[in-house]
Amino acid sequence: MTAVLPRRRPAAAYRRARGSTGFLEWVAIHSIALALGLMFLLPLVFVCLTAVMSDRQALTAELWPRQWQWANFVTVFEKAPLLTYLGNSLLYSGVATAGMLVSSVPAAYALARLRWRGRNLAFLAVVAAMMLPPQVVAVPLYLLWARLDLTGTVWPLVIPYLLGDFFSIFLLRQFFLTIPRDYVDAARADGCSEAGVLLRVIVPMARPGIAAAALFSFLYTWNDYFGPLLYTAERPESWTLSVALASFRGMHRVEWNLTMAATVLVMLPALVLFLVAQKTFVKGITFTGVKG
Amino acid sequence: MTATLERPAAARRVGAGTGPGRRRLRNRLTVLAFVAPAIIGFLVFFGYPLLATIFFSFTRADGLNPPVWVGLRNYVHLFVNDPVGRTAALNTLWLALVLTLLRVVFALGTASVLVRVRTGVGFFRTLFYLPSLAPPVAATLAFVFLFNPGTGPVNTALRWLGVDSPPGWFTDPTWAKPSLTLLMLWVSGELMIIMLAALLDVPVELHEAAALDGAGPLRRFWHVTLPSISPVLLFGVVNSVILALQFFTQAMVASAVAAGSADVVGNSKTLGYPGNATMTFPIWLYQQGFRQFNMGYAAAMCVLLFLVSFAGTAVLIRQMRNTSGLGEAR
Amino acid sequence: MGSSCRPRHLSILMATLVTGLIGTACTTGGGVTTQPAPAPAPDEQVTVSVWSNFAHRELNGLNKVLDGFRAKHPNFTVESQGSQDDDKITQAIRGGNPPDVAISFATDFLGQFCSSGAWQDLGPYLERDAVDLDQIPDAVRDYTQYKGVRCAMPLLADVYGLYYNKELFDRAGISGPPKTLSELREMAERLTEFNPDGSIRVAGFVPDLKFYNHRPQMLAPHWGAHWQRADGTSGLSADPAWREFFTWHKELVDFYGRQRLSQFLASAGQQYSADNAFQQGKVAMMIDGEYRTAFIDEFTPDLPYGTAPFPVADDQPDRYGTGYTTGTIIGIPRGAKNPGAAWELVSYLTTDTDALVELANSIKNVPTTKSALTSPKLSVDENFRTFLEIFAHPRLVSSPASPNGGAYVKFTEDFATRYLSGEVSDLDEGLRKLDEQINAHNELSGN
């Protein structure tokens, strides 16, 4: 059976290819991972510690809180309607991600596995489209949205994702290319339409890649500050969390302890999402682990 | 879903046989349907701003009043009269070379570690990715604080390890760009996850076959892993080049924090601190367009940046394709 | 939100695409008015939107003053929105949907605001209402107008003076603050303390032009240095005071040793945290704004410090007592829907004594009219009083009108960094090149 259409059992590949799985190797790999993990974690520990400091201690050389001011997490809710912003952020990121998937997955497939004239040119166009600095593009685009009377709403942020996100198209195309052509050909020979091939072969096989693309567009929009500031700042009721993060500031200085407390809160939903999404990769492993 | 894959030949239908002409038409319509939204998006969100920018680049414009045609003056100024612009261009080139290379290698390296981890897989993935989850301003501030030459734990640790005069990191002109690179490696979780997904996608049979042939781990990595993930590798390279060429937020925040003015990001005093070592081309461009109302000049800078980015990337893609078949698997 | 919206928006999008390309000369409406828009009738209900970059405590302070305005004008509804930065306001003006009233901290951008017409000329309103501009100090009037066009009014000011640490002064046996620049240098050296390993423990005065508010704009007035020639071009090489300015700093850098100074600076705490080097007693003297008094009260209330006018060049003693000022500006953007009503609000906020005093008390800035300055309701302590006196000095200085968003400051700071680190061998030649650089940049914007 596998001779015709081999299953892919990635983790098993490493396991088997590695041959013996000695204890020493386990220790070595996990020590490296732990050391790396610690490096990745340290600055975030700083964020968390600052989040519970007093305003007076924030951004001083004393990194350990003198007193643990847990009330900061309450204060940020009092100072800013974070729940409203949370709703806006979820709306922005959710719709943008869904829109990206609907618009970009087919386009990426067409670029990766359909034959048509101008395909290579189109690919270059996708690459080119990522190269205009957003700070410059913002000026003509703002004028456009202003004429449509859509500034102050979430539409200028979301509509671009409904019309194909170039970063995602590029990423997805590259992932689709790693799927051997035989699978696609076999499905076509089965009489699948191209939409069928896409939905039944490409999408399931490229699930980690698609999950990654979805995750990134969600997180990018989640942390996007420039876009929401430009388009929603004039109507506080449509602010996102990322914009709200900048609101703990005064004329001269920022209340960093509150900013960091809010930062931690803003990270939490993203973290939960990541924990769920990364299971897509884990599943790949356990699935093949059982079978392989 | 994978079930369909596992009984392939069984369901081979014959009924789909139609004339080649209709087939071609259907194919065309499919392609059109698949790419139509993206084409509209391309025209509106790339074509229009690009044309507008090219037009502005030949004018004196503040974005408020009718632009005045000035011919090539903005370009002449850029090449002749703007030392800060020149420094910024060199910094951005530096980043495009060094940051790109290190980011791809680092992401692939961490992904390779992750793929071998067997205990606490989800834990480690989350840990490695965590910095990329954090809002950039807070993350950058935290990172720079830990690298404070006098009071930060990094240099405290280095001194404890016996390094007499540890570097000044973000406050030292020679160390500032390497420090920024470190910062960007710290938040390279996105590329790491992409590499991880690609590594997990490598067909097992290829590895098994190579192992049977007696290939060692290094050779297997070179001859099996790399070729199969090459499209994703190409993505990593191009994505990193773009990231480096458009490097903006972290450099702005890092320089402000290093200058002791974390609260006033974007102030002329902190831009490029120290000594314009962290002044990137997009930062100077933004400064011109938004702060100094030289939209025309900013547009000229933008056109130049775009041309160089695109030419460089196109050559890169072609080279990778030609030399190693990278980027176009099978 | 229904999906039916999409095709419609798309077609509009395409249509705009075409017209947008041709008509990039964004005519955002509103236009420049020569006739002032009439004030709304007392029974006419009007809504005025106000954008500022204030937040929280300061925004509350502003809103309380706005409540005072509403009490006097019940027909007004005021929508005050904080956290609107300058880039955002500019974009909104470009897009044609700006607020009626904009508040900005960016006096550097005023040249563009006025000359581009982004902020409307307030001249006709001032004339119609016969507003007494003499109430506003000359320097403040300067930084709120550009080439004769007054497109903004001052809404509180910042003033810069000398902060000194009394305990460190006592330890060094110095009785009072310096009055001349040579005294400043001499005291700076006496106040400096080194650690056994040669590193700096206490710096008397930091001769670095990127340290906290040790910026060229704030310091230059005390050397009597002028930014521009009479014709408006950059004049750093023409004014010998700049030479003095740079060599004074260079000599003090050499006293510390460049390496040791950069080490000291690298670990000086954040400017607006409790770790501020002055507040930690690591710096004996510095130049800073009046708002620092509020930070000291809040973070290090036990700090024994004093304030004084910043010392001046030895040969220009009559300058003593003055300083540099800049401040918050308020104006009516082009395209404002309700300019007549907006002016009523701007006028109230910037000329009503009680309003200014209330705002100054809550934000801890200097009020910008003479009657507000002398109001008994203004809360003033000894250290804050120094700044009121500097502000009242007839030779108070502000930034020159700049058409390019303070690019000249950036270039001067860059030059200072290079000069102070010994990279520039010929100071005169360097200053000439700096002038060329600034002038070339100004020509970009057609000025």
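Everything below is about the structure shown above.
This write-up is about the structure you can find in this document. Predicted, not measured: the structure shown is a model, and the values here were computed from it.

Topic: the overall build of chain C
Step number 1: Each helix and strand counted, chain C has 18 helices and eleven strands in total.
Step number 2: Here chain C has a C-alpha radius of gyration of 24 Å; the compact-globule value for 447 residues is 22 Å, and the two agree.
Step number 3: Across its three principal directions, the C-alpha atoms of chain C cover 75 × 50 × 50 Å.
Step number 4: Within chain C, the fraction of its 447 residues that count as buried is 63%.
Step number 5: When contacts within chain C are restricted to residue pairs at least 6 apart in sequence, long-range pairs at least 24 apart make up 75% of them.
Step number 6: Surface accessibility of chain C: about 16,400 Å² in total, with carbon and sulfur atoms responsible for 49%.
Step number 7: Charged side chains of chain C number 39 positive and 56 negative; the gap between the two group centres comes to 4 Å.

Re empty space enclosed by the protein
Residue and element names in this part refer to chain C.
Step number 1: This model, assessed by the stated rule, comprises ten cavities of 30 Å³ or more.
Step number 2: Around the second largest cavity, the lining is made up of 14 residues, and of these T107, S399, P400, A401 and S402 lie nearest the centre.
Step number 3: Counting residues per element, the ones that place at least two in the lining of the second largest cavity are helix 4 (110-115), helix 6 (138-143) and strand 4 (145-146).
Step number 4: The residue makeup of the lining of the second largest cavity, split by class, is six nonpolar, six polar and two charged.
Step number 5: Three or more residues apiece are contributed to the lining of the second largest cavity by two domains, here domain 1 (38-158 + 326-392) and domain 2 (160-324 + 402-444).

Observations regarding the pairing of strand 8 (residues 200-205) of chain C
Residues and elements named next belong to chain C.
Step number 1: Burial runs high along strand 8: five of the six residues are buried.
Step number 2: From the end of strand 7 (residues 193-194) to the start of strand 8, which pair antiparallel, there are five residues, and G198 there has a positive phi angle of about 95 degrees.
Step number 3: Where strand 8 and strand 9 (residues 283-289) come together, two bridges link them in parallel fashion. Residue pairing across strands places A203 opposite V283, the latter belonging to strand 9.

Here's the deal with the interface of chain B and chain A
Step number 1: Contacts between chain B and chain A engage 109 residues on the former and 119 residues on the latter.
Step number 2: When chain B packs against chain A, the two sides together hide about 10,700 Å² of surface, and 74% of this comes from carbon and sulfur.
Step number 3: Taken as a group, B:F34, B:F45 and B:R118 account for 7% of the area that chain B buries against chain A, more than any other trio of residues on that side.
Step number 4: Connecting chain B to chain A are zero salt bridges.
Step number 5: Where chain B touches chain A, the interface holds 13 residue pairs in polar contact (both at pLDDT 80 or more).
Step number 6: Counting residues per element, the side of chain B that touches chain A draws most heavily on helix 2 (residues 20-57) of chain B, which supplies 19 residues.
Step number 7: When its residues are assigned to classes, the side of chain B that touches chain A shows 74 nonpolar, 19 polar and 16 charged.

Some points on the pattern of salt bridges
All names here are of chain A.
Step number 1: All chains considered together, the criterion is met by 26 salt bridges over all chains.
Step number 2: The partner of E255 in a salt bridge is K79, and the shortest N-O contact between them spans 3.4 Å. Of this pair, E255 sits in the loop between helix 13 (241-245) and helix 14 (256-277) while K79 is found in helix 3 (residues 72-79), placing the two residues 176 residues apart along the sequence.
Step number 3: Classification of K79 by relative accessible area gives partly exposed; the value is 31%.
Step number 4: In this structure, a network of salt bridges that share partners links the residues D185, R188 and E194.

Topic: a negative patch on the surface
All names here are of chain C.
Step number 1: Taken together, the side chains of E183, E244, D314 and D315 present a region of like negative charge at the surface.
Step number 2: Turning to its location among the elements, D315 is positioned in the loop between strand 10 (305-308) and strand 11 (325-331).
Step number 3: The class for D315 is exposed, based on a relative accessible area of 62%.

Section: the packing of aromatic side chains
Step number 1: Throughout the structure, instances matching the rule amount to 67 aromatic pairs over all chains.
Step number 2: An angle of 15 degrees between the planes, with centres 5.6 Å apart, marks the rings of A:F218 and A:W222 as stacked. Here A:F218 pairs with A:W222, and both are found in helix 11 (residues 207-223), just four residues apart, close to one helical turn. The residues A:F218 and A:W222 share a single accessibility class, namely buried.
Step number 3: Centre to centre, the rings of C:W223 and C:W248 are 5.3 Å apart; their planes meet at 80 degrees, and the pair counts as edge-to-face. In this pair, C:W223 is assigned in the loop between helix 9 (216-219) and helix 10 (240-256) and C:W248 in helix 10, connecting sequence segments 25 residues apart. Across the pair, exposure class does not vary: C:W223 and C:W248 are buried alike.
Step number 4: By the ring-pair criterion, three or more aromatic residues cluster together here, those being C:F205, C:W223, C:W227, C:W242, C:F245, C:F246, C:W248, C:F310, C:Y408, C:F415 and C:Y419.

Observations regarding the nonpolar core
Step number 1: The biggest cluster of nonpolar side chains holds 349 residues, and the ones touching the most others in it are A:F176, B:F170, C:F246 and C:M285.
Step number 2: A per-element tally of this core places helix 11 (residues 217-245) of chain B first, with 13 residues.
Step number 3: Setting aside its immediate chain neighbours within four residues, B:F170 contacts B:F143, B:V144, B:F147, B:A176, B:S179, B:L180, B:L183, B:A254, B:A258, B:Y273 and B:P274.

About the thresholds
Residues numbered from 1 in each chain as written. Chains lettered and ligands numbered in written order. Predicted model: local features only at pLDDT ≥ 70, side-chain atom pairs only at ≥ 80, totals over all residues. Heavy atoms only, no water. Helix = DSSP H or I, 4+ residues; strand = E, 2+ residues; numbered from the N terminus. Rg over C-alpha atoms; globule rule 2.2 N^0.38 Å. Buried < 20%, exposed > 50% of the residue type's maximum accessible area, 1.4 Å probe, protein only. Contact = heavy atoms within 4.5 Å. Areas by Shrake-Rupley, 256 points an atom, 1.4 Å probe, with all protein chains shown as cover. Lys, Arg positive; Asp, Glu negative; His and termini not counted. Charge placed at Lys NZ, Arg CZ, Asp CG, Glu CD. 1 Å grid on protein atoms, 1.4 Å probe; cavity = no way out; pocket = protein on both sides within 12 Å on 5 of 7 lines; lining within 4 Å. Points joined across faces, edges and corners; volume = space filled by probe spheres on them. Nonpolar A, V, L, I, M, F, W, Y, C, P; charged D, E, K, R; others polar. Domains from an automatic or database assignment. Pairing = 2+ DSSP bridges. Buried area = accessible area lost by both parts, 1.4 Å probe. Salt bridge = Lys/Arg side-chain N within 4 Å of Asp/Glu carboxyl O. Polar contact = N/O pair within 3.5 Å; in protein donor to acceptor, adjacent residues only side chain to side chain. Patch = residues over 30% accessible without salt bridge, like charges linked within 9 Å, V, L, I, M, F, W, Y side chains within 5 Å. Phe/Tyr/Trp six-rings, centres within 6.5 Å; stacked < 30°, edge-to-face > 60°. Core = buried A, V, L, I, M, F, W, Y, C linked by side-chain atoms within 4.5 Å.

Honestly, that's just the spatial picture; any functional story needs more than this.
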